Structure formats: structure tokens, C-alpha cells
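Now for the letters of each chain:
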Amino acid sequence: MSKWSRMETELSNLKSSHLYRKMTAFDSGQQKIVYMQGEEKHLFSSNSYLDMCNDFRVKEYASRILQEYGIGSGGSRLTTGTCQIHTELEEAIARFKKREAALVYNTGYMANVGILSALAKKGDVIYSDKLNHASIIDGCRLSKAEAVIYKHNDMDDLEEKIKAREGMSGIIVSDGVFSMDGDIVNLPRLVELADKYHLLSMIDEAHATGVIGDTGKGTEEYYNMEGSVDILMGTLSKAIGSEGGFVCGSRLLIEYLINTSRSFIFSTSLSPVTMAASKRALELIEEEPERVKQLQENIHYCCSQLKKNGIKGESETAIIPIIVGEEEKAMRVMDNLQEQGYYISAIRYPTVAKGKARLRIALMSSHTKEEMDGLVEALSKSIL
Ligand code: PMP
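Residues numbered from 1 in each chain as written. Predicted model: local features only at pLDDT ≥ 70, side-chain atom pairs only at ≥ 80, totals over all residues. Heavy atoms only, no water.

Here the focus is the overall build of the protein. For the protein, the helix and strand inventory stands at 14 helices and 13 strands. Overall, the protein is about 55 × 55 × 55 Å in size when its C-alpha atoms are taken along their principal axes. Relative to its full complement of 384 residues, the protein shows a buried share of 55%. At a minimum sequence separation of 6, the contacts of the protein that also span at least 24 residues come to 70%. Just so you have it, the protein exposes about 17700 Å², and 51% of that area is on carbon and sulfur atoms. (Helix = DSSP H or I, 4+ residues; strand = E, 2+ residues; numbered from the N terminus. Buried < 20%, exposed > 50% of the residue type's maximum accessible area, 1.4 Å probe, protein only. Contact = heavy atoms within 4.5 Å. Areas by Shrake-Rupley, 256 points an atom, 1.4 Å probe, with all protein chains shown as cover.)

In C-alpha cells form, the structure reads like this:
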């Protein structure tokens, strides 16, 4: 047997069970119309919910910083990799999320892994929602704490699990908006339990920032509970349209992470260009709340059109999952939609449970009613 045969066998098994993955390269940037091998497609799967990747003011500011600072940052944040723009972005995030301080990581993935492994020690417990993002799962794995998985958004189950370990210190962690289902965490109960049992609360705002709450401030704003979560984590790669992860909270929390969080400490920091893009995008989201409003109207419109056409797909967030079940069917629907000029990613195991494959619609503030009508019509043809 060759030393490569195990990999070959695994890949061939993935192919036969319709779980093989490959990348699609677009010939254009991330916008609602993309090109694939010269063909135009309507993109309904991007996380660039507010179309910030393409805003000319973001591009202008990032270009200016590019000319001034060049490309790479040249070091990790604690050596030579902190420019003024890194600090400015952190101040802007802290202001946006109404916190004392913030810290930028290179990705949201690295933030989750770095926060959880730094804060949860041997003898602690991390209570994690069953549908939390993979980066939270990997953060639990990397920490020395016991990971206890509670039923999805089920606060009674969570409380039972906490009671069984009463007195142990730890963290309750949940996505704010769940990345593959688009539903929203029961924040009031989660915070209540964290307070009652003296646990830290941590919310991942990846898909909530710029999307929910009257002005897009996220899960706390959605529930009118500003300032209630201990550790607010998020990413700059979705509605903010750039790159990087962040955490915000008290000065003490941030000081602790700067000194102990390995994925923050041991990696070269992001380029000043990326920082600039995030900073300008955040400003624009605050200056132009109508973008967030438009996205929220699009969500409402698209869901009502789906319903009218007999397609099950409800959501209060930019993520609308259309669950088709079998992996093979999800791939078939995705291909069929592409033939009709629509690009929607099929999501399969292990990102979601086996047999729960889905088309993951993600809306952007720039989608028009006509474009959403077109999507619903194409979906009706390929699903029903
Ligand atoms: N958390 C959630 C809920 C996510 O959906 C993602 C990205 N898919 C991340 C964290 C990771 O963020 P990033 O892409 O910036 O690494």
C-alpha cells in the first residue's frame, strides 16, 4: 500500500457520498453580479451583506493607506506589527459595540480559537450550543476545559447542564446569529443564566453585526440589551466587507487576551490596508443606517415571496436556509440554479448534519425586488 492510499480512499469515499468539496473561482470581485468563466451569475450567497467590499469610499480610503503604509505589516502585533490604523480600528469597534476596548485578530476563526483557549482552563467548563460555528468548536477543543454541548438554543437544557456542574467556573458561548440556520440566540435567557451561575457569557457576532438591531449593532441591540454580554466576538469579513476577527469587552478582558491569547500573539498582524477598509466601512454603516434598513427590508421581502411560492425559508437575518435534505439533491439544485444564472452555495455535512443539506441564501442590501423575484422563480423551478 502506498503512503498516499489512505488519502486517496478518503477522497474517493467523499466523492461517492456527494460530500467532495472543491472551490469555485469567480472572474470578478464580490458583488451581487459575478462572472464565472465569462458567464454572468446573480450571487445570492455572499457574506458581504452590506456590499461594503465594493463601496468606492472604502476602496478610496484603503488605497490611500496602501500608498502610505505599503502592503504587509511586517510583524506580530506585540513586535512591529501595530500601526496607528490598527489602534484606530480597535477604538472604532469598541465605540460601535459600546465597549471599553476591542482587539483585532487575523480572522474570526483565530479570534474564537484564541479567546476560548486563553480564557477556559483545566477544571473549567465551556457550555457551547450544538450548532455553534466550527471555530468555537475548535476553540473548545484547544482549551483544556470540559466542553459541554447543549441542545440548540435550548436554555432549559443549558440550565440543566449547568446545574449538574454547579459551582464550576466557565463560559457560555453561542453564535448570535447561527451561520447555517440564520436564527437568533435567546440572549435574554442566556445572559440570565450566565449571571445566575456566575459564568462568563460570550456571543459570536459574525452574522449579526451590520444585520440585526435597528442600526445593525447586532444581537444586543436586537434585544435592547446593550452592554449585557461579557465577551462580544465578531468578524470583519462579513457585513464589514474586509478581513479579520475581533473581540470587545472590558479593558481587563482585552489586556488579558493581549497577554495570553496565542493566536493573537504568535501571528503576523493584518495589513494596514485591511484595517483601513474595516474602519471606513464601520464609519459608513454608522453614517448611513439606511443600508442596514434596506437589508432588513430585503430579508422581509424575500421571505414573504418564498412563502407565497410555497418554499419553506423563514428568517429574520440575511441567512435564509432552504433545507433540501439529501446531499446529492442539494448539489443538483445548486447546479440547476447555476444553469438559470444564480449562484447559491450548497451546504453539506460536516458543516451541517447529514441529511440536512441546504441551499444557503444570503442577501445583500443592494439586491433589488426584481432580483429577489428572479431568485424565487428560479428556486421554484429547481426545487418544487
Ligand atoms: N464565527 C461564525 C459564526 C462564522 O460564520 C465564521 C465564518 N464563517 C467565523 C466565526 C469565522 O470568521 P472568519 O471568516 O473571519 O474566520
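Structure's up, so let's keep going.
A surface patch of nonpolar side chains, about 230 Å² in accessible area, is lined by Leu11, Leu14 and Tyr20. The exposure class assigned to Tyr20 is partly exposed, which follows from its relative accessible area of 32%. (Patch = residues over 30% accessible without salt bridge, like charges linked within 9 Å, V, L, I, M, F, W, Y side chains within 5 Å. Salt bridge = Lys/Arg side-chain N within 4 Å of Asp/Glu carboxyl O.)

Here is the key point about a regular strand: its side chains alternate between the two faces of the sheet. As paired elements, strand β1 (residues 33–36) and strand β2 (residues 39–43) share four bridges and run antiparallel to each other. For Val34, the partnering residue across the bridge sits in β2 and is Lys41. Following β1, the chain reverses through two residues before pairing antiparallel with β2; Gln37 in that reversal takes a positive phi of roughly 45°. As paired elements, β2 and strand β11 (residues 342–343) share two bridges and run parallel to each other. (Pairing = 2+ DSSP bridges.)

In this section: the site of the ligand. Taken together, the neighbourhood of the ligand is formed by 14 residues, with Gly108, Asp204, His207, Thr235 and Lys238 sitting nearest. A distance of 2.6 Å separates an oxygen atom of the ligand from a polar side-chain atom of His207. A distance of 2.7 Å separates an oxygen atom of the ligand from a polar side-chain atom of Thr235. If one sorts the elements of the shell around the ligand by residue count, helix α4 (residues 108–119) sits on top with three residues. (Near = heavy atom within 4 Å. Polar contact = N/O pair within 3.5 Å; in protein donor to acceptor, adjacent residues only side chain to side chain.)

Using the criterion set out here, one finds four aromatic pairs in the structure. Centroid distance Phe26 to Tyr343: 5.3 Å. Interplanar angle 90°. Geometry classified as edge-to-face. Remark: Tyr343 occurs in strand β11 and Phe26 occurs in the loop between α1 (5–16) and β1; sequence separation between them is 317 residues. Classification of Phe26 by relative accessible area gives partly exposed; the value is 25%. Classification of Tyr343 by relative accessible area gives buried; the value is 8%. Measuring from centroid to centroid gives 4.9 Å for Tyr222 and Tyr223, while their planes differ by 85°, and the two rings are edge-to-face. In this structure Tyr222 comes out as partly exposed when scored by relative accessible area, which is 30%. Residue Tyr223 is classed as partly exposed on the basis of its relative accessible area, which comes to 25%. (Phe/Tyr/Trp six-rings, centres within 6.5 Å; stacked < 30°, edge-to-face > 60°.)

A separate point is the nonpolar core. Buried together is how nonpolar side chains tend to be arranged in soluble globular proteins. Among the nonpolar cores identified, the biggest contains 91 residues, and Ile93, Tyr127, Ile172, Leu306, Leu359, Ile361 and Leu363 are the most heavily contacted of them. In this view, Leu363 contacts Phe44, Tyr49, Leu295, Asn298, Ile299, Cys302, Ala318, Ile320 and Met372; residues no more than four positions away in its chain are not counted. (Core = buried A, V, L, I, M, F, W, Y, C linked by side-chain atoms within 4.5 Å.)

Tracing the backbone through its elements, the reader meets Val324 in strand β10 (residues 319–325). With a relative accessible area of 15%, Val324 lands in the buried category. Each C-alpha atom, one on Val324 and one on Ile93, is 38 Å from the other, the two residues being 231 residues apart in sequence. Those residues in contact with Val324 that sit more than four places away from it in its chain are Lys329, Ala330, Ala357, Arg358, Leu359 and Ile383.

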